[in-house]
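Each chain, letter by letter, is given below.
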Amino acid sequence: MVTVLDNKLKARHPEKAHKPDTPILRKPEWIRVKAPGSAVYAETQKIVRDNKLVTVCEEAGCPNIGECWSKKHATFMIMGDTCTRACAFCNVKTGMPDQLAADEPAKVADAVARMGLTHAVITSVDRDDLADGGARHFARTIAEIRKASPATTIEVLTPDFLKKDGALEIVVEARPDVFNHNLETVPALYLRIRPGARYFHSLRLLQRVKELDPAMFTKSGIMVGLGETREQVMQVMDDMRSAAIDFITIGQYLQPTRKHAAIDRFVTPDEFKGYETIAYAKGFLMVASTPLTRSSHHAGEDFARLRAARARRG
């Protein structure tokens, strides 16, 4: 059965409602996860609810939510729960978003402090309706976290800020420790999978971060299992290295509903291991490549390893 309605009985994905159903493949054993339910998970959920925050963990239906929330890890999604884009892979609600909540940056900072996070990940929906794409809201959120929890390192996972001149500079000037923006897939699949975005604009965005602040870590990720070839994935790796990206994540695409893009195949753990080996050989400081890898999965531990890798390389 397909869920296309949210709790308020509004269409979650109105642009997909009339699309034909696509088959959902049975998950192989290596990609199944345990249902959440620990006491720490419940505590994390309460902090999120008390502050009326949105997390990408819930909105995107992340398979790792049980593990992450049980460790008091969560990825906060700012600027609401409604995206102005309609990507074929994404389960985040689409439509016209509400106005920005002025107190959201402070509430996110409070949650970060209450959870005792050593590393916080902040992402957002696309806000094409805003003149700066939400860049100043990102900057305010970073500043509030710095005040509430000075020792916490901060990773941002931003939109592409397409046609938003000056937006990237605002976020970089706020000095997050990691700047992440996902390419999501190979360029040949953009028209079908990520129609509102432009591959080379996203690549240039990440390259520009390094030009503005060479010391800032950059990160990007792709999904596999959408119909891409091995050669296309390796070309994306080369493109990322040309843009001086430090950290690549590669994970299996999982289909949210029958109205979303179909899974072409489940990539095996051995293939993911092969991608990891190739990526390190191409010069990435850090690689996360497994079926359940997601942008923010193990982000804190990975950031520590990322810094250590840079120190070793000198």
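The structure presented is a predicted model; accordingly, all values stated were derived computationally and were not measured.

Q: Can you walk me through the overall build of the protein chain in this structure?
A: Scanning the protein chain for helices and strands turns up eleven helices and nine strands. Burial analysis of the protein chain (314 residues in total) assigns 54% to the buried set. The contacts of the protein chain with a sequence gap of at least 6 include a subset with a gap of at least 24, amounting to 75%. When the accessible surface of the protein chain is totalled, it reaches about 14,300 Å², and 54% of it is carbon and sulfur.

Q: What should I look at first to understand the pairing of strand S5 (residues 153-157) in this one?
A: Looking along a regular strand, one sees side chains alternate from face to face of the sheet. In terms of residue burial, S5 counts as a mostly covered element, since five of its five residues are buried. Side-chain alternation along S5 places Thr153, Glu155 and Leu157 on one buried face and Ile154 and Val156 on a second face that is also buried. With five bridges joining them, strand S4 (residues 119-124) and S5 adopt parallel strand pairing. The partner of Val121 across the bridge, within S5, is Glu155. Remark: the S4/helix H5 (residues 135-148)/S5 crossover connection has right-handed handedness. In terms of strand pairing, S5 meets strand S6 (residues 178-180) through three bridges, oriented parallel.

Q: For this particular structure, what's the right way to read the side chain of Thr293?
A: As for its placement among the helices and strands, Thr293 is situated in the loop between strand S9 (286-289) and helix H11 (299-313). In this structure Thr293 comes out as buried when scored by relative accessible area, which is 8%. Within polar-contact distance, the side chain of Thr293 engages the side chain of Thr290 at 2.7 Å. In contact with Thr293, other than residues within four places in its own chain, are Thr249, Ile250, Gly251 and Ala288.

Q: Please explain the side chain of Gln252 as it appears in this structure.
A: For Gln252, the position within the fold is in strand S8 (residues 247-252). In this structure the side chain of Gln252 is engaged in a polar contact, spanning 3.2 Å, whose partner is the backbone oxygen of Arg265. Those residues in contact with Gln252 that sit more than four places away from it in its chain are Ile31, Val224, Gly225, Ile263, Arg265, Phe266, Val267, Phe272, Thr290, Pro291 and Arg294.

Q: Please clarify how the packing of helix H8 (residues 199-212) against helix H9 (residues 230-242) should be interpreted in this entry.
A: The relative placement of two packed helices comes down to the angle between their axes together with the axis-to-axis distance. Direction vectors running N to C along H8 and H9 enclose 35°, while the axes themselves pass 9 Å from each other. On H9, the residues that touch Tyr199, Leu203 and Gln207 of H8 are Val236, Asp239, Met240 and Ser242.

Q: How do you make sense of unusual backbone geometry when you look at a structure like this?
A: It is generally the case that most residues other than glycine have a negative phi and that most peptide bonds are trans. Phi is positive for Met79, close to 75°, though the residue is something other than glycine. For Met79, the position within the fold is in the loop between strand S1 (75-78) and strand S2 (82-83). Overall, Met79 belongs to the buried group, its relative accessible area being 3%. Located in the positive-phi region is Glu184, a residue other than glycine, with phi close to 75°.

Q: Explanation requested: the packing of helix H4 (residues 104-115) against H5 in the structure shown.
A: At a closest axis distance of 8 Å, the pairing of H4 and H5 adopts a crossing angle of 40°. Classified by the angle between their axes, H4 and H5 sit oblique to one another. In the packing of H4 onto H5, the handedness of the crossing is right-handed. Between H4, through Glu104, Pro105, Ala106, Val108, Ala109, Val112 and Ala113, and H5, the contact on the second element is made entirely by His137, Arg140, Thr141, Glu144, Ile145 and Ala148. Partitioning the contact of H4 with H5 into residue classes produces eight nonpolar, two polar and three charged.

Q: Honestly, the nonpolar core in this entry has me stumped. Any pointers?
A: Side chains of nonpolar character tend, in soluble globular proteins, to be buried together. Residues Phe179, Leu183 and Met237 are the most contacted members of the largest nonpolar core, which totals 71 residues. Dropping the residues within four chain positions of it, Leu183 is found in contact with Tyr190, Arg194, Tyr199, Ser202, Leu203, Leu206, Ser220, Gly221, Ile222, Val236 and Met240. In this structure, Met286, Phe303, Leu306 and Ala309 belong to the second largest nonpolar core, which totals nine residues.

Q: Could you clarify how one ought to interpret the packing of aromatic side chains in this entry?
A: Aromatic ring pairs: the centre-centre distance and the angle between the two ring planes describe each pair. Taken as a whole and judged by the stated rule, the model has three aromatic pairs. Seen in terms of ring centroids, Tyr190 and Tyr199 are 5.6 Å apart; in terms of plane orientation they differ by 90°. Their pairing is edge-to-face. Tyr199 sits in the buried class, given a relative accessible area of 5%. Centroid distance Tyr199 to Phe200: 4.9 Å. Interplanar angle 90°. Geometry classified as edge-to-face. On the basis of relative accessible area, Phe200 is assigned to the exposed category, the value being 58%. The rings of Tyr190, Tyr199 and Phe200 are connected pair by pair, giving a single aromatic cluster. The ring centre of Phe217 lies 3.7 Å from the NZ or CZ of Arg310, which sits over that ring.

Calculation criteria
Residues numbered from 1 in each chain as written. Predicted model: local features only at pLDDT ≥ 70, side-chain atom pairs only at ≥ 80, totals over all residues. Heavy atoms only, no water. Helix = DSSP H or I, 4+ residues; strand = E, 2+ residues; numbered from the N terminus. Buried < 20%, exposed > 50% of the residue type's maximum accessible area, 1.4 Å probe, protein only. Contact = heavy atoms within 4.5 Å. Areas by Shrake-Rupley, 256 points an atom, 1.4 Å probe, with all protein chains shown as cover. Pairing = 2+ DSSP bridges. Right-handed = clockwise from strand over helix to strand, strands pointing away. Polar contact = N/O pair within 3.5 Å; in protein donor to acceptor, adjacent residues only side chain to side chain. Axes fitted to C-alpha atoms, helices over the stretch in contact; angles between N-to-C directions. Parallel < 35°, antiparallel > 145°, perpendicular 65-115°, else oblique. Left-handed = near helix turned anticlockwise from the far one by under 90°. Nonpolar A, V, L, I, M, F, W, Y, C, P; charged D, E, K, R; others polar. Core = buried A, V, L, I, M, F, W, Y, C linked by side-chain atoms within 4.5 Å. Phe/Tyr/Trp six-rings, centres within 6.5 Å; stacked < 30°, edge-to-face > 60°. Lys NZ or Arg CZ within 6 Å of the ring centre and 35° of its normal.

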